[in-house]
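Next come the chains, spelled out residue by residue.
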Amino acid sequence: MEEEDISKLIITDARAFECSEKKFKSAISLLKRLGVEGRVLSELVAKQPRMLVVSEEKVTKSFRLAEDLGFKLGSKKFAVALQGMLEQAKETIEQRLEYLSSLGFSKKEISQMINRQPSNLWLSNENLNRHVDFLIKTAGLTLSDLVKYPNLLQLSLEKRVIPRHRVMEALKSMQALKTKMHFKSILYLTEKRFLEIYVDSNAESSVLRDIYHNVKGGVLNIDEETYSESDVGPSISTTREGMKAGKLSVEKETLTESHVGIRLGYGESQS
């Protein structure tokens, strides 16, 4: 191993130096049998030194699973995927894959999604369900959108997705949408840019800011028993008198991690 790789090894996991010389040589031999050699071998060990201290069976199963999911040996994403697989039981990972399948993703789509965003495999079932439920049933995205842009599942519902969704719904109610942008693109905007385009440039900016920050701060309250997880959200109404007065009526509601927003139609294709 080169000096740079040894430094990475120390920083990543000093426990690797606690293993015996016999264990170290055995681990390296196993990696070579799995097809890892040369520079790829030293880089992988430096990035994932845990391979030196876990059982050979665990390393072998993790390698096979990573390969089955389509990760290319030697790639950075292979190392990222391997890290998660070494830290979780094979049964846990298989259950996660089965759960993704139960949400409607095909085996090919799951492979594509995990390859693009390996860390999605470590999201809890509850987290996955809430994101998929909101983004598809409420925001109008498709499974294909989530396969193509899997990092959408990493975004915070409470701090990013729902607040922006509420602002877009309010603009739609006001008939004040000046630009047609797919919701997934709106989610990728920086907060500063989002506020500039959809809040501050609007005549009702103060109202929109209140909606955005109130939802983001989770300060709204209603009876939780009134709504199901997949069908909640404020009743936003704009009246001619209210609009003339520059006011927007929003019924208060509870915003918890399991209760997510209003259904939105942007009047444009979601493909």
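> Got a sec to walk through the packing of aromatic side chains? Specific residues and values, please.
Throughout the structure, instances matching the rule amount to four aromatic pairs. Judged by centre distance (5.6 Å) and plane angle (35°), the ring pair of F194 and Y212 falls under tilted. One end of the pair, F194, is in helix 12 (residues 191-200); the other, Y212, is in helix 13 (residues 205-217), with 18 residues separating them in the sequence. The same class applies to F194 and to Y212, which are both buried.

> Tell me what's going on with the environment of E56, and back it up with residues and numbers.
Mapped onto the secondary structure, E56 falls in helix 4 (residues 56-68). Accessibility expressed as a relative area gives 30% for E56, which makes it partly exposed. C-alpha of E56 to C-alpha of S26: the two residues are 30 residues apart in sequence and 8.6 Å apart in space. What E56 contacts, discounting residues up to four positions off in sequence, is S26, L30 and R33. A polar side-chain atom of E56 sits 2.5 Å from a polar atom in the side chain of S26.

> Provide a residue-level description of helix 12, including the pertinent values.
Turning to helix 12, its buried residues are F194, L195, Y198 and V199. Around the axis of helix 12, the buried residues are gathered within 105° of arc, so they sit on the same side. Against the buried residues of helix 12 lie helix 10 (157-174), helix 11 (183-188) and helix 13.

> Could you give an account of unusual backbone geometry, with specific residues and numbers?
At Q175, a residue that is not glycine, the phi angle is positive and equals roughly 60°. By the secondary structure assignment, Q175 is in the loop between helix 10 and helix 11.

> Break down the confidence of the model for the protein for me, citing the residues and quoting the values.
Atomic detail in the predicted coordinates should be set aside for any region of low pLDDT. In the predicted model, the protein carries a mean pLDDT of 75, and the fraction of residues at 70 or more is 73%. In the predicted structure, residues 1-13 sits below a pLDDT of 50 and forms 24 contacts with residues beyond four places in sequence or in another chain. Contacts from residues 219-271, a stretch scored under 50 in pLDDT, to residues over four places away or in other chains number 120 contacts.

Cut-offs and rules
- Residues numbered from 1 in each chain as written.
- Predicted model: local features only at pLDDT ≥ 70, side-chain atom pairs only at ≥ 80, totals over all residues.
- Heavy atoms only, no water.
- Phe/Tyr/Trp six-rings, centres within 6.5 Å; stacked < 30°, edge-to-face > 60°.
- Helix = DSSP H or I, 4+ residues; strand = E, 2+ residues; numbered from the N terminus.
- Buried < 20%, exposed > 50% of the residue type's maximum accessible area, 1.4 Å probe, protein only.
- Contact = heavy atoms within 4.5 Å.
- Polar contact = N/O pair within 3.5 Å; in protein donor to acceptor, adjacent residues only side chain to side chain.
- Arc of directions from axis to C-beta.
- pLDDT = per-residue confidence, 0-100.

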